[in-house]
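Structural characterization, general
One letter stands for each residue in the lines below.
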Amino acid sequence: MDNLEKQLICPICLEMFTKPVVILPCQHNLCRKCANDVFQAANPYLPTRSGALTSGGRFRCPSCRHEVVLDRHGVYGLQRNLLVENIIDMFKQESSSSSRPTQERKEETPMCDIHEDEKINIYCVTHAVPTCSMCKVFGAHKDCEVAPLGTVFETKRSELSDGIAMMVGNNDRIQGIISQLDEACRVIEENGRRQKTKVCEKFDHLYSVLEEKKRQMSQKVTAEQEEKMNYIQGLTKTYGDHLEESCKIVERGIQTMEETEMALFLQNVQDLLKKIEDASSTAGLDKVERSYEKMDHYKVDFRRERKALSSLDFIRDDADENDEEGDGQAGEGARTVSGGAAVSAPPAQPNAPQQINPSLSPTRSTPST
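I will try to describe carefully the structure that is included in this document. (Residues numbered from 1 in each chain as written. Predicted model: local features only at pLDDT ≥ 70, side-chain atom pairs only at ≥ 80, totals over all residues. Heavy atoms only, no water.)

Digging into the sheet that holds strand β8 (residues 120-124)
- With antiparallel pairing, the 3 strands of this open sheet are ordered in space as β9-β8-β10. Strands with a single pairing partner mark the edges of an open sheet, and in this sheet they are β9 (129-132) and β10 (146-148). Across the sheet, the mean angle from the axis of one strand to that of its neighbour is 50 degrees, orientation sign disregarded.
- The pairing of β8 with β10 spans 3 bridges and is antiparallel. In the strand pairing of β10, I122 is matched with P148. (Pairing = 2+ DSSP bridges. Helix = DSSP H or I, 4+ residues; strand = E, 2+ residues; numbered from the N terminus. Axes fitted to C-alpha atoms, helices over the stretch in contact; angles between N-to-C directions.)

Pasting the structure below:
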């Protein structure tokens, strides 16, 4: 019987269910009055008309936190649990017939500690304690304000029930706030992940622009390097051929010097002297100007670009930024994106590599006569 009685206790008023008993969609039971108190506490701003609900609402089951949605009839639209009501009737009848002495002892009014023969039958409003009539007439509460015990009982019980219903409503609201905060955390995490991806994409694009510009500038230096190398190598071959021809003339001159026949010597020496004179002059060969081999005219100054890259940050407005692609310039403003907002560094155009100074180009000297 004790176990059965525990199953028949309302989770709101903590008393045995009172008729009518309503059954919630989650199959838990409440007194209709308790269900109505919880419903009104969870919907304090629900419009009413002459004390009757004009629209539906919702609240959570105090046992399992399942959300219960009601129509415009409110708790009166919930189905009554006739089975539980019949069990309560049978329980009460069985309890009254089988354990009447025990029940009577339970219902006995407690006695006063000071006046042992007096029952506690009044309530001291001043000290907020129950007491007996003798304490009011002759005892410590004779000057206090008192009230009937039953009246105070009903008032306090109603206050406790309202407080429980209010706490249930507050718990529902707090649970809703917690759910919103959890959702906010999830959204923040997702947005952060998406924005970090966009930032990485912007930096990858900037890296590719820098790599392309480095390749172009390196190609210009390589082109002049190859041009100068080819010219010097060609000039070396020319001077080598001239040296080889001179050596042959020298060898022929030595052979002519050994000629003892004067007439034969004079026939060959004139042509040989002409060749020696031509070979001794290098005026017809190209000459390389001083510092022709230097390449330090390809100078770069990236101080502005370095300053611009160091100042990269997120912009403060919410304007969407259009990507600038296809120009292939290393000095275009680097950009990062923050939630649809982008930040741009001041664009800086690097110094373009210089071409070969015409004054440094190989020149051909005018042959001297």
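This is not the end of the story, as more comes after the structure.
Considerations on the packing of helix α2 (residues 32-42) against helix α6 (residues 149-257)
- The contact between α2 and α6 brings their axes to 8 Å, and the two run at 45 degrees. In this view, α2 runs oblique relative to α6, as classed from their interaxial angle. In this structure, the crossing between α2 and α6 has a hand that is right-handed. For the pair formed by α2 and α6, the contact residues are K33, D37, V38, A41 and A42 on the first element and S161, D162, A165, M166, V168, G169, D172 and R173 on the second.
- A breakdown of the residues in the contact of α2 with α6 according to their chemical character gives 6 nonpolar, 2 polar and 5 charged. (Parallel < 35°, antiparallel > 145°, perpendicular 65-115°, else oblique. Left-handed = near helix turned anticlockwise from the far one by under 90°. Contact = heavy atoms within 4.5 Å. Nonpolar A, V, L, I, M, F, W, Y, C, P; charged D, E, K, R; others polar.)

Brief notes about the packing of aromatic side chains
- Summed over all chains, the structure comprises 2 aromatic pairs.
- Between the aromatic rings of F203 and Y207, the centroid separation amounts to 6.3 Å while the plane-to-plane angle is 50 degrees, which identifies the pairing as tilted. Taken together, the residues F203 and Y207, both in helix α6 and 4 residues apart, mark about one turn of the helix.
- Assessed through its relative accessible area of 25%, F203 is described here as partly exposed.
- Arranged with centres 5.9 Å apart and planes meeting at 65 degrees, the rings of Y231 and Y292 form a pair that is edge-to-face. On the criterion of sequence distance, the pair formed by Y231 in helix α6 and Y292 in the loop between α7 (262-280) and α8 (303-310) is long-range, its members being 61 residues apart. Y292 carries the same exposure label as Y231, and that label is buried.
- Sitting over the ring of Y292, K228 keeps its end group 4.8 Å from the ring centre. (Phe/Tyr/Trp six-rings, centres within 6.5 Å; stacked < 30°, edge-to-face > 60°. Buried < 20%, exposed > 50% of the residue type's maximum accessible area, 1.4 Å probe, protein only. Lys NZ or Arg CZ within 6 Å of the ring centre and 35° of its normal.)

Side note on the sheet that holds strand β2 (residues 29-31)
- Pairing within the open sheet is antiparallel, and its 3 strands lie in the order β2-β1-β7. With one partner strand each, in any of the chains shown, β2 and β7 (79-80) form the two edges of the open sheet.
- Pairing between strand β1 (residues 21-23) and β7: 2 bridges, direction antiparallel. Along β7, the bridge assignment pairs I23 with Q79.
- With respect to the sheet, α2 is in contact with β1, β2 and β7, its orientation differing from that of β2 by roughly 90 degrees.

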